[in-house]
Amino acid sequence: MAQVYDHGGGVRSVQVPIPDNPLGHTLVYVVDTDRGPVLIDTGWDDPASWDALAEGLTACGTAPAEIHGVVITHHHPDHHGLSGKVREASGAWIAMHAADAAIVRRTRTTRSERWFSYMADKLTAAGAPDAHVAPLRAARRPGTLPGFSPAAPDREIVPGELLDLPGRRLRAIWTPGHTPGHVCLHLEEDHPARLPGHGRLFSGDHLLPEITPHIGLYEDPDDTTVTDPLGDYLDSLERVGRLAPAEILPAHQHAFTDAPARVGELLTHHEDRLTGLLALLSEPLTPWQLAERMEWNRPWDQIPYGSRNIAIAEAESHLRRLVKLGRAEAVAGSEPVTYVAV
């Protein structure tokens, strides 16, 4: 039985399961408009997930065929995965920020072998041992990774502008960090329960009540720009905190209040983490060695293969931030490159 919750004011959420993932589910929001329901995110592209979404929409008094539009907070497969199926069922438009739409287009046109090769080279440069990189070197089967044929969006979410949702005031807030084109969506309407604050915020993965979103690297095989995703994220957090919404409706876990307090906790968390990494960098370390020594939710030897790749990206995003702040630097001539505190 699909889990559905009525948030009031013509907004409901459906729990769409994510297969084999500790997050459990994505909260897909159903927003009533004068032209029919609009979804915020859609969930993972999996038969059981699709069934849960369809059952949930039925419980909301609608159906996949009646969806007017789909607004995507970011391109990750647990958010964008079912968008194509929704569009096939209904003819709905799909809207996404240009930066993430570019990733979707690139993913659709880049052979999976190119991604495997790119990731293997990145991990080797980060100091990963040969035993870890070998499976990527050997992987040549197209479609092995999820999300290799994501639906191409047909509308662009423009930061600062209201989305075309007749009868609603939903404004896009660009919040890069988790992805380069992540957006939060500010429902500029009185809270149905009259909670103090400014409307409601659909926060995607940007602001979650109890967990810290992954901040990795913006991966692009054809782009050599050195980005600073953690810096982007911290700036975006402060912007959302200043909005002071009455309630936050995130894509995982549960709705919550007091966005400024949660923003403060996350800013403190990342500052503490950067300080801790500087202590580890009293000796030169590769990104892999740094990740091995960082504090995760379980010991390094218990972290699964795929999660280690995510951990390496997180370590590198923090290293880039430290380098940009002048608190760490790469050791000249080291290969693979090592970093040390300044």
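Nothing here was measured: the structure is a model prediction, and the numbers come from that model.

### What about the overall build of the protein chain?
A count of helical and extended segments in the protein chain gives 10 helices and 13 strands. In terms of overall dimensions, the protein chain is globule-like: its C-alpha atoms have a radius of gyration of 20 Å, near the 20 Å expected for 342 residues. If one aligns the C-alpha atoms of the protein chain with their principal axes, the spans along those axes are about 60 × 45 × 35 Å. Here the protein chain holds 342 residues, and the buried ones make up 52% of them. With the model as given, the accessible surface of the protein chain reaches about 15,100 Å², and the carbon-plus-sulfur share is 51%.

### Focus: the sheet that holds strand 8 (residues 170-174)
As summarised here, the arrangement of the four strands in space is 8-9-10-11, forming an open sheet in which the pairing is mixed. Since the sheet does not close on itself, it has two edges, and those belong to strand 8 and strand 11 (247-250), each with one partner. When strand polarity is set aside, the average angle formed by the axes of neighbouring strands in this sheet is 25°. In this structure, strand 8 lies alongside strand 9 (residues 183-187), joined through five bridges in antiparallel fashion. Looking at the pairing, Ile-173 lines up with Cys-184 of strand 9. Sitting on the sheet, helix 7 (residues 229-243) is in contact with strand 8, strand 9 and strand 10 (200-204), with an inclination near 150° to strand 8.

### Some words on the nonpolar core
Counting 41 residues, the largest nonpolar core has Leu-207, Leu-281 and Leu-290 as its most contacted members. Of all the secondary-structure elements, those providing two or more residues to this core are helix 5 (112-125), helix 6 (130-138), helix 7, helix 8 (259-280), helix 9 (287-293) and helix 10 (305-324). With six residues, helix 8 is the largest single contributor of residues to this core. Shared between two domains, this core holds at least three residues of each, these being domain 1 (3-104 + 147-263) and domain 2 (280-341). For Leu-207, the contacting residues outside a window of four places in its chain are Leu-237, Val-240, Ile-248, Pro-250, Phe-256, Ala-259, Arg-262, Val-263 and Leu-266.

### Remarks on the pairing of strand 3 (residues 25-31)
With respect to burial, strand 3 is a largely interior element, seven of its seven residues being buried. Pairing analysis gives seven bridges linking strand 2 (residues 11-17) to strand 3, with the strands arranged antiparallel. What sits directly across from Val-14, in strand 3, is Val-28. Between strand 3 and strand 4 (residues 38-40), which pair antiparallel one after the other, the connecting turn spans six residues, and Gly-36 there sits at a positive phi close to 115°.

### Notes on the packing of helix 8 against helix 10
Remark: helix 8 packs on helix 10, axes separated minimally by 10 Å, with the N-to-C direction vectors making an angle of 85°. Judged by the angle between their axes, helix 8 and helix 10 are roughly perpendicular. Residues His-270, Arg-273, Leu-274, Leu-277 and Leu-278 of helix 8 touch helix 10, and the partners they reach there are Glu-314, His-318, Arg-321 and Leu-322. Residues that form the contact of helix 8 with helix 10 fall into these classes: four nonpolar, two polar and three charged.

### Concerning the pattern of salt bridges
Here the structure, examined in full by the defined rule, presents 15 salt bridges. Across the salt bridge formed by Asp-121 and Arg-137, the nearest N and O atoms sit 2.8 Å from each other. A residue pair is termed long-range when its members are at least 10 positions apart, and Asp-121 in helix 5 and Arg-137 in helix 6 qualify at 16 residues. On the accessibility criterion, Arg-137 (39% relative accessible area) is partly exposed.

### Some remarks on the domain arrangement of the protein chain
Partitioning the protein chain into domains gives domain 1 (3-104 + 147-263) and domain 2 (280-341). On the side of domain 2, nine residues touch domain 1, which itself brings 10 residues to the contact. Summed over both sides, the interface of domain 1 with domain 2 buries roughly 930 Å², with 58% coming from carbon and sulfur. Of all residues in domain 1, Leu-217, Asp-228 and Leu-230 bury the most surface against domain 2, accounting for 50% of the area lost on that side. The tally of links from domain 1 across to domain 2 stands at two salt bridges. Note that Arg-321 and Asp-228 form a salt bridge whose closest N and O atoms lie 2.6 Å from each other.

### Quick look at the sheet that holds strand 2
A sheet is described by the order of its strands in space; here seven strands give the open sequence 1-2-3-4-5-6-7, paired in mixed fashion. Of all strands in the sheet, those bounded by a partner on one side alone are strand 1 (4-6) and strand 7 (155-157). Strand-to-strand, the axes of this sheet are offset by a mean angle of 25°, without reference to chain direction. By the bridge criterion, three bridges tie strand 4 to strand 5 (residues 69-71) in an arrangement that is parallel. The residue of strand 5 that forms the bridge with Leu-39 is Val-70. Set on the sheet, helix 3 (residues 83-90) makes contact with strand 4, strand 5 and strand 6 (93-97); between it and strand 6 the angle comes to about 150°. Taken strand by strand, helix 4 (residues 98-109) contacts strand 6 and strand 7, and its axis lies near 110° from that of strand 6.

Thresholds, definitions, all that
Residues numbered from 1 in each chain as written. Predicted model: local features only at pLDDT ≥ 70, side-chain atom pairs only at ≥ 80, totals over all residues. Heavy atoms only, no water. Helix = DSSP H or I, 4+ residues; strand = E, 2+ residues; numbered from the N terminus. Rg over C-alpha atoms; globule rule 2.2 N^0.38 Å. Buried < 20%, exposed > 50% of the residue type's maximum accessible area, 1.4 Å probe, protein only. Areas by Shrake-Rupley, 256 points an atom, 1.4 Å probe, with all protein chains shown as cover. Pairing = 2+ DSSP bridges. Axes fitted to C-alpha atoms, helices over the stretch in contact; angles between N-to-C directions. Contact = heavy atoms within 4.5 Å. Core = buried A, V, L, I, M, F, W, Y, C linked by side-chain atoms within 4.5 Å. Domains from an automatic or database assignment. Parallel < 35°, antiparallel > 145°, perpendicular 65-115°, else oblique. Nonpolar A, V, L, I, M, F, W, Y, C, P; charged D, E, K, R; others polar. Salt bridge = Lys/Arg side-chain N within 4 Å of Asp/Glu carboxyl O. Buried area = accessible area lost by both parts, 1.4 Å probe.

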